[in-house]
Amino acid sequence: MKLSKSIFITLILLSFLGCKKEEVKKTDELQFEKDAMKSVFVEIVDSIYMDRRIIFPPPTPRFNEKTNKEDTTGFHKELKEYWRNRDSIKNDRTRILLGVYNDVEKISSFETEMIVKYINISAYTYDVSKEVDSYKIDLKPFENNKKFNFQNASKYPHEKNWDLNDISNVRFPVGTISVSRIQFNKTKTRGILSAGASCGGGRCGRGFIIIIENKSGKWKIAEVIPTWES
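Summary of the structure given here. For every chain, the first residue of the written sequence is number 1, and numbering continues from 1 along that sequence. Owing to the predicted nature of the model, reporting of local features is limited to residues with pLDDT of at least 70; listing and counting of side-chain atom pairs is limited to 80 or more, with chain, interface and lining totals taken over all residues. The side-chain numbers reported here are obtained from all heavy atoms of the structure, hydrogens and water having been left aside.

## Observations concerning the overall build of the protein chain
Starting at the N terminus, helices and strands are each numbered in turn, a helix being any DSSP run of H or I of at least four residues and a strand any DSSP run of E of at least two. When helices and strands are counted, the protein chain shows 3 helices and 10 strands. Secondary structure elements of the protein chain, listed N to C terminal, follow the sequence α-β-β-α-β-α-β-β-β-β-β-β-β. Relative accessibility under 20% of the residue-type maximum defines a buried residue, over 50% an exposed one, and the middle range a partly exposed one, all with a 1.4 Å probe and only protein chains included. Expressed as a percentage of its 230 residues, the buried residues of the protein chain come to 36%. Counting contacts in the protein chain only where the partners sit at least 6 residues apart, residues at least 24 apart contribute 69% of the total. With residues, only the protein chains shown are counted as cover, and all accessible areas are computed by Shrake-Rupley using a 1.4 Å probe. About 14,800 Å² of surface is accessible on the protein chain, with carbon and sulfur atoms providing 54% of the total. Residue contacts are counted whenever heavy atoms from the two residues lie within 4.5 Å of one another.

## Section: the nonpolar core
What we call a nonpolar core is a set of buried Ala, Val, Leu, Ile, Met, Phe, Trp, Tyr and Cys residues that are connected through their side-chain atoms within 4.5 Å. Phe 41, Ile 44, Leu 98 and Phe 150 are the most contacted members of the largest nonpolar core, which totals 34 residues. Listing elements by their share of this core, those giving two or more residues are helix H1 (2–48), strand E3 (96–105), strand E5 (148–152), strand E6 (175–180), strand E8 (190–198), strand E9 (205–215) and strand E10 (218–229). In this view, Phe 41 contacts Val 100, Ile 137, Phe 142, Phe 150, Ile 177 and Val 179; residues no more than four positions away in its chain are not counted. Residues Ile 115, Tyr 124, Ile 209 and Ile 211 belong to the second largest nonpolar core, which totals 9 residues.

## Quick word on the state of the cysteines
Two cysteine sulfurs form a disulfide in these notes if their separation is within 2.5 Å. For the structure on display, the rule yields 1 disulfide. Shown here is the disulfide that connects Cys 199 with Cys 204, its sulfur atoms set 1.4 Å apart. Every disulfide takes its handedness from the sign of the S-S torsion; for Cys 199 and Cys 204 that torsion is -45 degrees, giving left-handed. Per residue, the accessibility class of Cys 199 equals that of Cys 204, and both read buried.

## Looking at the side chain of Ser 198
Relative to the helices and strands, Ser 198 resides in strand E8. Take Ser 198: its relative accessible area is 10%, and that puts it in the buried class. In this structure the side chain of Ser 198 is engaged in a polar contact, spanning 3.1 Å, whose partner is the backbone oxygen of Cys 204. Contacts of Ser 198, omitting those with residues within four sequence positions, involve Met 50, Glu 159, Val 174, Gly 175, Thr 176, Cys 204 and Gly 205. Under the rule applied, a polar contact is a pair of N or O atoms within 3.5 Å (in protein, one hydrogen donor and one hydrogen acceptor; residues adjacent in sequence only if both atoms are side-chain atoms).

## Topic: the environment of Glu 81
Assignment of secondary structure puts Glu 81 in helix H2 (residues 75–91). With a relative accessible area of 36%, Glu 81 lands in the partly exposed category. On a C-alpha basis, the gap between Glu 81 and Pro 58 in space is 9.8 Å, while along the polypeptide they are 23 residues apart.

## Some words on the pattern of salt bridges
Any carboxyl oxygen of Asp or Glu within 4 Å of a side-chain nitrogen of Lys or Arg constitutes a salt bridge here. Within the structure shown, the criterion is met by 10 salt bridges. Among the ionic pairs, Glu 78 bridges to Arg 62, the shortest N-O distance being 3.2 Å. Placement of Glu 78 in helix H2 and of Arg 62 in strand E1 (residues 62–64) is noted, with a sequence separation of 16 residues between them. Classification of Arg 62 as partly exposed rests on a relative accessible area of 42%. A network of salt bridges, in which partner residues are shared, links Glu 33, Lys 130 and Arg 181.

## Thoughts on unusual backbone geometry
Despite not being glycine, Asn 68 shows a phi value in the positive range, around 60 degrees. In this structure, Asn 68 sits in the loop between E1 and strand E2 (69–71). Of note, the phi angle at Ser 216 is positive, near 55 degrees, even though the residue is not glycine. The exposed category is assigned to Ser 216, whose relative accessible area is 83%.

## Topic: the packing of aromatic side chains
Centre-to-centre distance and the angle between the planes together describe a pair of aromatic rings. Side-chain rings of Phe, Tyr and Trp, where Trp is taken by its six-membered ring, are said to pair if the distance between their centres is within 6.5 Å; with planes under 30 degrees apart they count as stacked, over 60 as edge-to-face, and otherwise as tilted. Per the stated rule, a full pass over the model turns up 10 aromatic pairs. Note on Tyr 49 and Phe 148: the rings are 5.1 Å apart at their centroids and 80 degrees apart in plane angle, and the pair reads as edge-to-face. Pair noted here: Tyr 49 is in the loop between H1 and E1 and Phe 148 is in strand E5, with a separation of 99 residues, a long-range link. Taken together, Phe 41, Tyr 49, Phe 142, Phe 148 and Phe 150 form an aromatic cluster joined through their ring pairs.

No statement about biological role is implied by the geometric values presented.
Next up, the structure:
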């Protein structure tokens, strides 16, 4: 009886230790993923972000249906003003205000289809836990970035309600960014994630598959593949 009880307690302890070991492994893997994201986040943003102040094309002459010709009245003044504003924004050294959706969740089913279409995934291991687990990206490491002023998108009204004619770079972000969980290859030297960028107003957005690679101990973007545009 005592022997059976001892065996039972041993099995419980082994099971507990096994669970703890699995939890530690999962925590270590999540930290590894967070560190990789931290290394490439600014590079990703710089590669894909949209700025509603400069996203729209230059004006074109209006068409006069009565004369069946282009009406260039005032057009050259509008065009000159357009390029003046565009150059002013590009030359402005004020940090660009961007909203970040900080929930880092699974790669969407659509992007998964695109990954299979464009990439040989035989070298990758698919972590099923990333289908349900998510985490929040920490923006503190980037708060002193010289180019971008990253803010949580939840601080502002929903981007569909933003005024696209507002070019202040203060009242609302000029665009938003979102990123997904990273799926790594077996040696954890390459990773795949999806990312999205928008200029707000519900009028423009783009999606991407991004492949990152660890060379000489530093994560960098290896490839950016556009997947959709609206």
